[in-house]
Amino acid sequence: MLFQSLIERKRDGQALSEADWRMVLEGCLSGVVPDYQLTALLMAVVWRGLEPAELTTLTRLMRDSGASLTWGPGVPPRVDKHSTGGVGDKVSLVLAPLVASCGIAVPMMSGRGLGHTGGTTDKLESIPGFRTDLSLTEVQAQVQRIGVAMFGQSEAMAPADRKLYSLRDVTGSVASIPLIAASIMSKKLAEGLSGLVLDVKTGSGAFMREPASAQALAQAMVELGSASGCPTIAFVTAMDRPLGRAIGNALEVEEALLTLAGEGPQDLVSLSRTLGAEMLVLAQRAPDHAAALIEVDRALTSGRALEKFRELVAAQGGNPAIVADPGALPQAAEVELFEAPADGVVTAVEPRVLGEAVVAMGGGRRQLGDQIDPSVGFVVSARPGARVARGEPIASVFARDAAGIALGLSALGQAVRLGPAETTLPLLIS
Ligand code: URA
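This is a predicted model, so every value here is computed, not measured. (Residues numbered from 1 in each chain as written. Predicted model: local features only at pLDDT ≥ 70, side-chain atom pairs only at ≥ 80, totals over all residues. Heavy atoms only, no water.)

Q: Whenever I open this one, unusual backbone geometry confuses me. Can you help?
A: Across residues other than glycine, the phi torsion is negative in most instances, and most of the peptide bonds are trans. In the Ramachandran plot, Ala158 falls in the positive-phi region, its phi being about 45° despite a non-glycine side chain. Inspection of the secondary structure assignment puts Ala158 in the loop between β3 (148-152) and α8 (159-169). The phi dihedral of Gln284 is positive, around 60°, even though this residue is not glycine. Note on placement: Gln284 falls in the loop between α12 (266-282) and α13 (289-301). Classification of Gln284 as exposed rests on a relative accessible area of 71%. (Helix = DSSP H or I, 4+ residues; strand = E, 2+ residues; numbered from the N terminus. Buried < 20%, exposed > 50% of the residue type's maximum accessible area, 1.4 Å probe, protein only.)

Q: Help me understand the side chain of Gln140 in this model?
A: Note that Gln140 resides in helix α7 (residues 136-146). Taking the relative accessible area as the measure of exposure, Gln140 reaches 19% and is therefore buried.

Q: Is there a simple way to explain the site of the ligand in this structure?
A: Close to the ligand lie Tyr165, Arg168, Ile180, Ser183, Ile184 and Lys187. At 2.6 Å, a side-chain N or O of Ser183 approaches a nitrogen atom of the ligand. Lys187 is positioned with one of its side-chain polar atoms (N or O) 2.5 Å from an oxygen atom of the ligand. Look at the ligand: alone it shows 240 Å² of surface, and the protein chains cover 86% of it. Only α8 and α9 (177-189) provide two or more residues apiece to the shell around the ligand. (Near = heavy atom within 4 Å. Polar contact = N/O pair within 3.5 Å; in protein donor to acceptor, adjacent residues only side chain to side chain. Areas by Shrake-Rupley, 256 points an atom, 1.4 Å probe, with all protein chains shown as cover.)

Q: Would you explain the pattern of salt bridges in this entry?
A: Two side chains of opposite charge can pair, provided their charged atoms sit close to one another. Going through the model one piece at a time under the given rule, you end up with 28 salt bridges. As a salt-bridge pair, Arg112 and Asp122 come within 2.7 Å of each other at their nearest N and O atoms. Taken as a pair, Arg112 in the loop between β2 (106-110) and α6 (120-124) and Asp122 in helix α6 lie far apart in primary sequence, 10 residues in all. Given the relative accessible area of 6%, Asp122 is considered buried. A salt bridge links Lys123 to Glu252; the nearest nitrogen and oxygen atoms lie 2.8 Å apart. With Lys123 in helix α6 and Glu252 in helix α11 (residues 249-260), the pair connects residues that are 129 residues apart, well separated along the chain. By sharing partners, the salt bridges in this structure join Arg112, Asp122, Glu125 and Arg365 into a single network. (Salt bridge = Lys/Arg side-chain N within 4 Å of Asp/Glu carboxyl O.)

Structure representation (structure tokens):
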């Protein structure tokens, strides 16, 4: 069959069959189908969508385009969490060791920073020596030994997604709920999980700005998980302000350490406890959310979760001394305070502005392959709703030089908005 007839059928709103999608993925991986035909088909999906059965089939074929993790009978239930990405979102750094310290296996595959959002593998690599490029054999062995591994997407897993995502990224076809759902779930389902918790972000700092789109994405992914025998639950959570106080790779690792030591900021602690408890329920370690929360809190207050993080860092070649001494993380050459420009109430801390500033200061990539500076970023202590006085220090900029400081101060000037009165924030977890 001519490939162009597939494009025409999708353009006209028809569903493609399993055989059609198989041909698409085989042609994509072998290079037989040129990129211009693949991108035309992807753009047709952006406009026309996928039927539910078609989405399930495509996701399964994308998962099966590469290797999957397999687990022997002695391995405890495997549960993972995926976030659709935001600013200051270091929940994975807290959750993986926290949940593993409760006796659940956590094979957590994460991504790099994308656009204005940070990526867990970049954050982990700010720990001197930490390796995220584990082979699947290394992941399996480490999860069996210590219950947790945190790694980047290898060439071996869901290669069809890698290829299609790289085309979507440069052809304006990322913003499609079925394509995002298939992309995320094909990778997660290749981890051989017993359960998955999804954190779908919404708000000005999220890819899904509107709550209704976030809900639709969450629903599509939950259905894909269930259809593949992986019980999946999703939360839609706020990304109209940064999560926690720290933004930037090493600064976020430091905040995750504080949280594991029981001293994290309230929003980060609350989201980590909620998602962690649901992971325990999915793994059948606790009968319900309330019982799971008690277990999660025990892991945090006993120091067990923090110790698991130390074990994880050591297992992946990182310097475990950072756990007791975060000063061993990369430190910015220049630090400067940002003061409130007037008396008032903080009405917004705009996450996208700060995420983009971190990239501009060298803490994220403009192009694939760019080196990043793990030390740069922000700590914003003033939360929306806080009353501040003119001249009061409400944030810090961490940069490599004076130009970075100037850029950071200017971004804070735009991002932190003050008003005369209290404002109503969307709930963190809706
Ligand atoms: N993250 C993914 O892994 N895939 C997408 O399509 C979008 C975000």
